[in-house]
Amino acid sequence: MQSPATTQDLTGSAAASRLREWMMDYAELFKARVTLLVVITGAAGFYLGSLRSGISPFNMGLLYTLGGMALVTAGSAALNEALERRSDAQMRRTARRPMAAGRIGLLHGLLLGFAAVFFGSMFLAHETNLLTGTLTLITAVGYVGIYTPLKRMTTLATFIGAFPGALPPLIGWTAARGMIEWPGVALFAVLFVWQFPHFMAIAWMYREDYANAGIKMTPVVSPNGLTTVAQSLFYAVLMIPVSLWTTWLGVTGIPYAIAATILSLGYLWYTVRFARILKETDPLTSRAYARDLLKASVIYLPLLLAAMMLNAQGRIFF
C-alpha cells in the first residue's frame with residue numbers, strides 16, 4: 001500500500017505533467033515561434049519609427065504594440081490550424097498539432113482564435129492608433145481568410161501570403177509614427193522578399209507531405225525543382241538592393257549598408273547552393289541543401305534587423 005506522501009507525490013507529478021502538456025499544446029496552437037518572429041520584426045519597426053520621431057523607443061507604447069501584435073498573431077495561428085486541421089493530420093510534420101490530433105476541439109480553437117484577433121486589434125487601435133489596429137486586422141484576415149484556403153487551389157498562395165507576412169515591421173512603424181511612410185514600406189519590402197527563399201526551402205523539404213495533403217506548393221506542382229530554384233534565386237538577388245533601401249532613405253547609415261551587403265551575399269550563396277537540388281538524385285542530400293537554406297534564412301533576418309537597429313539614422317553603436 002502506498003503511503004499518503006507517495007500518493008501526493010504521484011498526484012503532483014501527474015498534475016505537473018498535464019500542465020506541461022497543456023502549455024505545449026497551446027504553444028503549438030498559437031505557433032509560438034512564428035509569433036516570436038512577428039514580435040521581433042514588429043519591434044524593429046517600432047524602434048526605427050521611434051528614432052525617426054526623435055523619441056526613445058523604450059516606452060509603454062512598445063509593450064502595447066508588441067502585446068497586441070502577439071495576441072493577433074497567436075489568434076491567427078489558432079484559426080489557421082482550425083481551418084487546416086484535416087490537412088495537418090495528413091502530414092507527418094503537423095499531424096501532432098493539437099487540433100489535428102484532437103487534443104483541442106474545433107470550437108475551443110475557433111473561440112480562442114477569434115477572441116485573440118478581435119481583442120488584439122481593438123487593443124492596438126485604442127492604445128496606439130486606428131491605422132495600426134486596422135493593418136493588424138488586415139494581416140489576420142489576409143493570412144487566415146485568403147492565404148490559408150488558397151494553398152489548396154494555387155501556387156500563387158505563396159506570393160499572396162507574403163503580403164500579410166511582411167506587414168509586421170510596417171505595423172511597428174505605424175504604431176510609432178501613426179502613418180505609412182517610405183521607410184516603413186522599405187521594412188515591409190525586406191520581409192516580403194526574404195520570405196521566398198525561406199518558404200521555398202520549407203516547401204522542398206516537405207513536398208511529399210504537401211502533396212499528400214493536396215496543398216499546391218511550387219515543388220508539388222513543379223516537382224523537377226526548376227521553378228522552385230528560379231524563384232528562390234530571383235528573390236535572393238533582389239534581397240541585396242532591397243536590404244539597402246533603408247540606407248538610401250536615410251534611416252540607416254553606411255555601416256549598416258556594409259553589414260547588409262555581406263549578409264545578403266551570404267543569403268544568396270546559400271540559395272545558389274540550394275540550386276544543386278536540380279542535379280541531386282539523393283533525396284536526403286537534396287533535403288539537406290533545403291535545410292541549410294532554411295537555417296540561413298532564419299539566421300539572416302534577425303541579424304539584418306539587428307544591424308538596422310544598431311545603426312539607425314546613421315548612429316554607430318558597434
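That block above? That's the structure.
Below is a short write-up of the structure.

The rules behind the values
Residues numbered from 1 in each chain as written. Predicted model: local features only at pLDDT ≥ 70, side-chain atom pairs only at ≥ 80, totals over all residues. Heavy atoms only, no water. Salt bridge = Lys/Arg side-chain N within 4 Å of Asp/Glu carboxyl O. Helix = DSSP H or I, 4+ residues; strand = E, 2+ residues; numbered from the N terminus. Contact = heavy atoms within 4.5 Å. Expected span 1.5 Å × (residues − 1). Bend = angle between axes of the 7 residues up to and from the residue. Buried < 20%, exposed > 50% of the residue type's maximum accessible area, 1.4 Å probe, protein only. Lys, Arg positive; Asp, Glu negative; His and termini not counted.

Our focus in this paragraph is the pattern of salt bridges. A complete count under the given rule lists eight salt bridges for this structure. Two residues, Glu 181 and Arg 177, come together in a salt bridge whose shortest N-O distance is 2.8 Å. Within this structure, Glu 28, Asp 88 and Arg 97 form a network of salt bridges that share partners.

If you trace the backbone, Asp 25 turns up in helix α1 (residues 4-29). Discounting chain neighbours no more than four positions away, the residues touching Asp 25 are Pro 98, Arg 103 and Ile 104.

Taking 1.5 Å of rise per residue, 21 residues should cover 30 Å, and helix α6 (residues 130-150) covers 29 Å from first to last C-alpha, within 8% of that figure. Where α6 bends most, at Gly 142, the angle is about 30°. Of the surrounding secondary structure, the elements contacted by the buried residues of α6 are α3 (60-83), α5 (106-127) and α7 (156-177).

It is worth spelling out the side chain of Glu 81 at this point. In this structure, Glu 81 sits in helix α3. Arg 97 provides the closest opposite charge to the buried, unpaired Glu 81, separated from it by 4.1 Å. Apart from residues no more than four positions distant in its own chain, Glu 81 is found in contact with Glu 28, Leu 29, Lys 31, Asp 88, Arg 97, Pro 98 and Met 99.

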